[in-house]
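Analysis of the macromolecular model
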Amino acid sequence: MTETGLGSGVPRSVAGPGWAAKLALQPWFHRFCSRVPGLRGIARAEGEALFEVVSGFVRSQCLLALVELRVLHRLAEAPETTARLAALSAVPVDRMAVLCQAGAALKLMRRKGDIWRLTPRGAAFLTVPGLEAMVRHHPVLYRDLADPAAFFRGKTDPELAGFWPYVFGAGGAADPDLAARYSDLMADSQGLVAEDTLRLVDFRGITHLMDVGGGTGAFLAAVGKAHPQLTRTLFDLPAVVAGARARLGADVTIIPGSFRDDDLPLGADAISLIRVLYDHADATVTALLANVRQALPPGGRLIISEPMSGGARPDPATDVYFTVYTLAMQTGRTRSEAEIAGLLQKAGFDAITPAKSLRPFVTTALSAMTPAESLSKLSN
Ligand SMILES: C[S@@+](CC[C@H](N)C(=O)[O-])C[C@H]1O[C@@H](n2cnc3c(N)ncnc32)[C@H](O)[C@@H]1O
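About the criteria used
Residues numbered from 1 in each chain as written. Predicted model: local features only at pLDDT ≥ 70, side-chain atom pairs only at ≥ 80, totals over all residues. Heavy atoms only, no water. Helix = DSSP H or I, 4+ residues; strand = E, 2+ residues; numbered from the N terminus. Buried < 20%, exposed > 50% of the residue type's maximum accessible area, 1.4 Å probe, protein only. Contact = heavy atoms within 4.5 Å. Areas by Shrake-Rupley, 256 points an atom, 1.4 Å probe, with all protein chains shown as cover. Lys, Arg positive; Asp, Glu negative; His and termini not counted. Charge placed at Lys NZ, Arg CZ, Asp CG, Glu CD. UniProt positions renumbered as here; feature names shortened; annotations may be inferred. Near = heavy atom within 4 Å. Polar contact = N/O pair within 3.5 Å; in protein donor to acceptor, adjacent residues only side chain to side chain. Domains from an automatic or database assignment. Core = buried A, V, L, I, M, F, W, Y, C linked by side-chain atoms within 4.5 Å. Pairing = 2+ DSSP bridges. Axes fitted to C-alpha atoms, helices over the stretch in contact; angles between N-to-C directions.

Focus on the overall build of the chain
From N to C terminus, the chain includes 18 helices and 12 strands. Counting only C-alpha atoms, the chain reaches 75 × 60 × 40 Å along its principal axes. Relative to its full complement of 380 residues, the chain shows a buried share of 43%. Within the chain, counting contacts between residues at least 6 apart in sequence, those at least 24 apart form 61% of the total. Accessible surface for the chain amounts to roughly 20100 Å². Of this, 59% is attributable to carbon and sulfur atoms. The averaged location of the 37 negative side-chain charges in the chain is 9 Å from the averaged location of its 39 positive side-chain charges.

Details of the UniProt feature "domain: O-methyltransferase dimerisation" (unreviewed entry) in the chain
If you check UniProt for "domain: O-methyltransferase dimerisation" (unreviewed entry), the listed places come out as residues 52-127 in our numbering. Between the end C-alpha atoms of residues 52-127 there is a gap of 25 Å, over a span that is 70% helix and 13% strand.

Some words on the site of the ligand
Among the 17 residues in the neighbourhood of the ligand, the closest are listed as Tyr182, Gln190, Gly213, Asp236 and Ile274. In the model, an oxygen atom of the ligand is placed 2.8 Å from a nitrogen or oxygen of the Tyr182 side chain. Here a nitrogen atom of the ligand sits 2.7 Å away from a polar atom, N or O, in the main chain of Ile274. Considered on its own, the ligand offers 580 Å² of accessible surface; in the complex 98% of this is hidden by protein. Looking at the shell around the ligand, the element that brings in the most residues is helix H12 (residues 176-200), giving three residues.

A closer look at the domain arrangement of the chain
Split by domain assignment, the chain resolves into domain 1 (30-127) and domain 2 (144-370). Taking only C-alpha atoms into account, the centre of domain 1 sits 34 Å from that of domain 2.

Section: the nonpolar core
Counting residues in each nonpolar core, the largest one holds 26 residues, and the members touching the most others are Leu273 and Leu302. With five residues, helix H15 (residues 282-295) is the single largest residue contributor to this core. With residues up to four places along the chain from it excluded, the contact list for Leu302 reads Ile271, Leu273, Leu289, Val292, Leu296, Leu344, Phe349, Leu366, Ser367 and Ala368. Judged by nonpolar contacts, the second largest core, of 23 residues, contains Val201, Phe203, Val223 and Val362.

Some details on unusual backbone geometry
For Arg70, which is not glycine, the phi dihedral falls at a positive 60°. By the secondary structure assignment, Arg70 is in the loop between helix H3 (39-68) and helix H4 (71-77). Phi at Ala90 is positive, roughly 55°, even though this residue is not glycine. Here Ala90 lies in the loop between helix H5 (82-89) and helix H6 (93-105).

Remarks on the sheet that holds strand S3 (residues 80-81)
With respect to topology, three strands assemble into an open sheet ordered S3-S5-S4, the strand pairing being antiparallel. The open sheet has two edge strands with one neighbour each: S3 and strand S4 (109-112). Strand direction decides the pairing type here: S4 and strand S5 (residues 115-118), joined by four bridges, are antiparallel. Opposite Met109, over in S5, you have Leu118 as the bridge partner.

Quick word on the environment of Thr207
Here Thr207 shows up in the loop between H12 and strand S6 (208-212). Taking C-alpha positions, Thr207 is 7.7 Å from Ala268, a pair spaced 61 residues apart along the chain. With near-sequence residues (within four places) excluded, Thr207 lies in contact with Leu230, Thr231 and Asp269. One polar contact links Thr207 to Asp269, side chain to side chain, over a distance of 2.7 Å.

Concerning the environment of Pro297
Along the polypeptide, Pro297 turns up in the loop between H15 and strand S10 (301-306). Assessed through its relative accessible area of 31%, Pro297 is described here as partly exposed. Separated by 198 residues in sequence, Pro297 and Leu99 have C-alpha atoms that sit 57 Å apart. Excluding anything up to four places from it in sequence, Pro297 contacts Ala268, Asp269 and Thr370.

Regarding the sheet that holds strand S11 (residues 356-359)
Taken in spatial order, the seven strands line up as S8-S7-S6-S9-S10-S12-S11 in an open sheet, and their pairing is mixed. Each edge of the open sheet carries a strand with a single partner, namely strand S8 (252-256) and S11. Adjacent strand axes in the sheet meet at a mean angle of 20°, parallel and antiparallel pairs treated alike. Pairing between S10 and strand S12 (residues 363-369): six bridges, direction antiparallel. Considered in S12, the bridge of Glu306 is made with Thr364. The strands that helix H17 (residues 337-346) touches are S10 and S12; relative to S12, the one it contacts most, it runs at about 25°.

Shown next, in the form of structure tokens:
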């Protein structure tokens, strides 16, 4: 229930915070919790979780410094002292000591005596494809978030949109260098997405898959390994598919085009949209889904895989990182399963399977079908 707040003209909530939040707004309550066994543990864990939120940006920037100064890379080759790491990175020793200590607190490296070594987490960071590229790319996003209130008011001009020029229309993405820059970033991180998508989606019954917005073909290459019998087609913008042939064998058909401006080619009995919808506004997605529906035969399959919002159960990875990232792209939106299912229903898809995820921060997959009966009736 709301009423109009005096002066501001903005509706104000009448109910106020819930009882637990009301209690937590009282300083005496925190003093009380810190004295009562049982409550003390909960209070401490809550405090730690809260401080993680407070310090997230600094943690992330320490990681970026460790990457840019190649500290983790050097430790992957050999254990080092602070003094050597400092000399190799042209950083004063006392400052390198602070950075290494932060790296140890983040469990990326550890110290024994005077010597620093890489931990399994630090090694995983260097090994997981796409993670380092993602971190190196963060300065663009962080510049866009430098004034977060203005950003959320929509009063900034985010630089990130320029990194993904197709958000301004297919014509915006004609520059092959720009296309190669974003395609490399996507291809690097495609390994995990493909791995999870292939585990989550049932490919039985599919004979010909067309990957729309498939970049330089990293997903189709993974599909080819898992399901060598499938016929595969790649559809993406001309400036992007130019880089695909090197990755894909001659058995994959590559079709340049724009799903905004062209009808999608016919012939596939399944279409995949991997990390495509979240780049675009609802109107573009609605038109794309209509285009996909037209291109598929009755009973054809649509596979959607991308990071999705937790919806009614907000997810710390997708509802902070990806929703803000796609917002900075200007046209993007990280949708929940329910929102995507709603758009699919409106576009006339059936058999929408509940979304499944192994790692929501990697991807969540959803599939749907074109109605077998009604379309065959229409075509009779
Ligand atoms: C975020 S990338 C995802 C690439 C790939 N599916 C992946 O997951 O690695 C989005 C892709 O959609 C493509 N795309 C954007 N607008 C398009 C359009 N109008 N027609 C065809 N492809 C488009 C981009 O070129 C890009 O390759």
